[in-house]
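Examining the three-dimensional arrangement
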Amino acid sequence: MIKIKNLTKKFDQFVAINDLNFDVAEGEVLGFLGPNGAGKSTTMKVITGFLSPTAGTVEIDGHDILKNPIRAKSSIGYLPEGAPCYGDMSVSEFLSFIAKIRGFRNEEVYKRVQSVLNAVALHSVHQQSIDTLSKGFKRRVGLAQAIMHDPKVLILDEPTDGLDPNQKHQVRELIKNLAKDKIVIISTHILEEVSAVCSRAIIIDSGEIVADGTPTELESRSKYHHAVSVRFTENYNPRADLSELFGIGEIVEDENEIFTILSDTKEPIFNQISEVARSKNWPVAEFHVNRGQLEDVFRLVTSQSREGDR
Amino acid sequence: MNNLLIIFHRELRSYFATPLAYIFIVIFLITNGVFTFDLGGFYLRGQADLLPFFSFHPWLYLFMVPAIAMTLWADERKTGTIELLLTLPIKLSEAVFGKFLAAWALMGLALMLTFPIWITVNYLGDPDNGIIFAAYVGSWFMAGGFLAIGSCMSACTKNSVIAFILTVSICFTFVIMGSPILLNTFPEWIPQFVVDAFSALGFLPHFDSISRGVLDIRDFLYFTIFIAAWLLATAVVIEIKKGN
């Protein structure tokens, strides 16, 4: 359990995070979203005890990060932004160092290193020095070091940044597998990632929480939630057919001639539209319901607070 | 205590993982030889002692030690590994001390590898090996003083070249503090005890007496406190600057 109360961090006059309050429970995978400079990394640095907060408290598994830093830090596995590692060491040397610092001794060190090497598929390069590794491998070394002690709390700052799609997929699978009975917090600005791995998402902007909910809840805030998209086999304009229907909002046509019909009331409109389509014999090629786009919500909530500032 | 040893071990290994440690030791030994035999007139003096060898150490350390110390913290901050290190369940003091000890151990190793000169002097004459041993220890402690300054300067900046220059400047100040060059510039109205106190803060008076075989616990205490103070300053600087 992580409890964050009234957390504030200032750098001189600049307020990086302002009065954050949230709890994260076991089993939750929390996606931490926000535009660049919103305070994501700062929040993570404060939670992991690297920076001390200007005000407020962070409690990790019952231990206050300021009053009992060693105990609190023992429960955390942390991948800092950019996955920094000691480049002149080989992968297994580096991981053995982490294992020893994490309190493993003798054969346990070897066993733990082997098991994390397996978990992140690093066996092929374990004797190479970290400096010579590709970006994807380096990121995995960082992940390996974070999961070394099977921590209760896993905090990953942009774990898939700069990886290719296959590597992103691998890392996400890994996070999903780890997530059982753990707390995972990932910061990211890749929104598909949130839908893919997170059970909850918090969007912050200018150091404040502007949205908090499951990805589905957040998606439902989008104006595309329940919207129906239609593509026709021939040139056809559905506007006239729909003008009578209740609950229909704007109708948008994009450059691929796909019409997206928005729901005005946030209620499902699929049934009504499909009835119309059947009765009017629409030449339909494609017909589907949108869940709503997180990107849309992201832009909505982060631009709102900007305007509020002015 | 255990964490300290783990960090010490990691640091020491990383010196030897790159050519750094080897280059350092080789250059250290060559310069020592040049200083002792050419500039120090080791043979010409006709005395069976290592005074010419040790008397150049402050000047040798002035450039060699900052070269080792400059990366101690500057690199950690530059590469971001400081964030990794300080979010591990360790105390800041263990990290500061562990890193310092590793660099100090490297200095100790380099010093020990000058043993051929000790063999030479024992072959040629009959020196007082007690004095030589004390001088070796004294020299090592002085190197520790230089290193502790370097550790603090390295924590001040992400740029190791800046750390090097700062360390050399501050070390130079401490080297010349007790020397007549500086003391003669003091105006006469300054009371003698102030001048004495000032010159007692420098390295040379303490190191000179140790290298002559005067084993005064106060001289060792001076270096120990000096090291402790600069390492404390290192910790404070890291605490303040780690967020930037």
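Residues numbered from 1 in each chain as written. Chains lettered and ligands numbered in written order. Predicted model: local features only at pLDDT ≥ 70, side-chain atom pairs only at ≥ 80, totals over all residues. Heavy atoms only, no water.

1. Regarding the overall build of chain B
- A tally of regular secondary structure across chain B gives 14 helices and zero strands.
- The N-to-C order of helical and strand elements in chain B reads α-α-α-α-α-α-α-α-α-α-α-α-α-α.
- Taken against the 2.2 N^0.38 rule, which gives 18 Å for 244 residues, the C-alpha radius of gyration of chain B at 19 Å falls within 12% of a compact globule.
- If you line up chain B on its principal axes, its C-alpha atoms span 55 × 50 × 30 Å.
- Scored against the burial criterion, the 244 residues of chain B give a buried share of 51%.
- A fraction of 77% describes how many contacts in chain B between residues 6 or more apart in sequence connect residues 24 or more apart.
- Between the centroid of the 12 positive side chains of chain B and the centroid of its 15 negative side chains there is a distance of 13 Å. (Helix = DSSP H or I, 4+ residues; strand = E, 2+ residues; numbered from the N terminus. Rg over C-alpha atoms; globule rule 2.2 N^0.38 Å. Buried < 20%, exposed > 50% of the residue type's maximum accessible area, 1.4 Å probe, protein only. Contact = heavy atoms within 4.5 Å. Lys, Arg positive; Asp, Glu negative; His and termini not counted. Charge placed at Lys NZ, Arg CZ, Asp CG, Glu CD.)

2. What to know about the domain arrangement of chain A
- Segmenting chain A into domains produces domain 1 (2–219) and domain 2 (228–290).
- Each of domain 1 of chain A and domain 2 of chain A has a C-alpha centre, and these two points are 43 Å apart. (Domains from an automatic or database assignment.)

3. Quick look at the interface of chain B and chain A
- Counting from both sides, the interface comprises 27 residues of chain B and, opposite them, 25 residues of chain A.
- Here chain B packs against chain A, burying approximately 2,400 Å² in sum over the two surfaces, 67% of which is carbon and sulfur.
- Counting across the interface, chain B meets chain A through two salt bridges.
- Connecting chain B to chain A are five residue pairs in polar contact (both at pLDDT 80 or more).
- Looking at the side of chain B that touches chain A, the elements that each hand over two or more residues are helix 1 (2–17), helix 5 (71–79) and helix 6 (81–86) of chain B. (Buried area = accessible area lost by both parts, 1.4 Å probe. Salt bridge = Lys/Arg side-chain N within 4 Å of Asp/Glu carboxyl O. Polar contact = N/O pair within 3.5 Å; in protein donor to acceptor, adjacent residues only side chain to side chain.)

4. Topic: the nonpolar core
- Counting residues in hydrophobic clusters, the biggest one holds 152 residues, and the most contacted among them are Phe94, Phe97 and Ile185 of chain A together with Phe203 of chain B.
- The biggest single contributor to this core is helix 9 (residues 129–156) of chain B, with 13 residues.
- Listed in part, the 13 residues of the second largest apolar core include Leu242, Ile248, Ile251 and Val276 of chain A. (Core = buried A, V, L, I, M, F, W, Y, C linked by side-chain atoms within 4.5 Å.)

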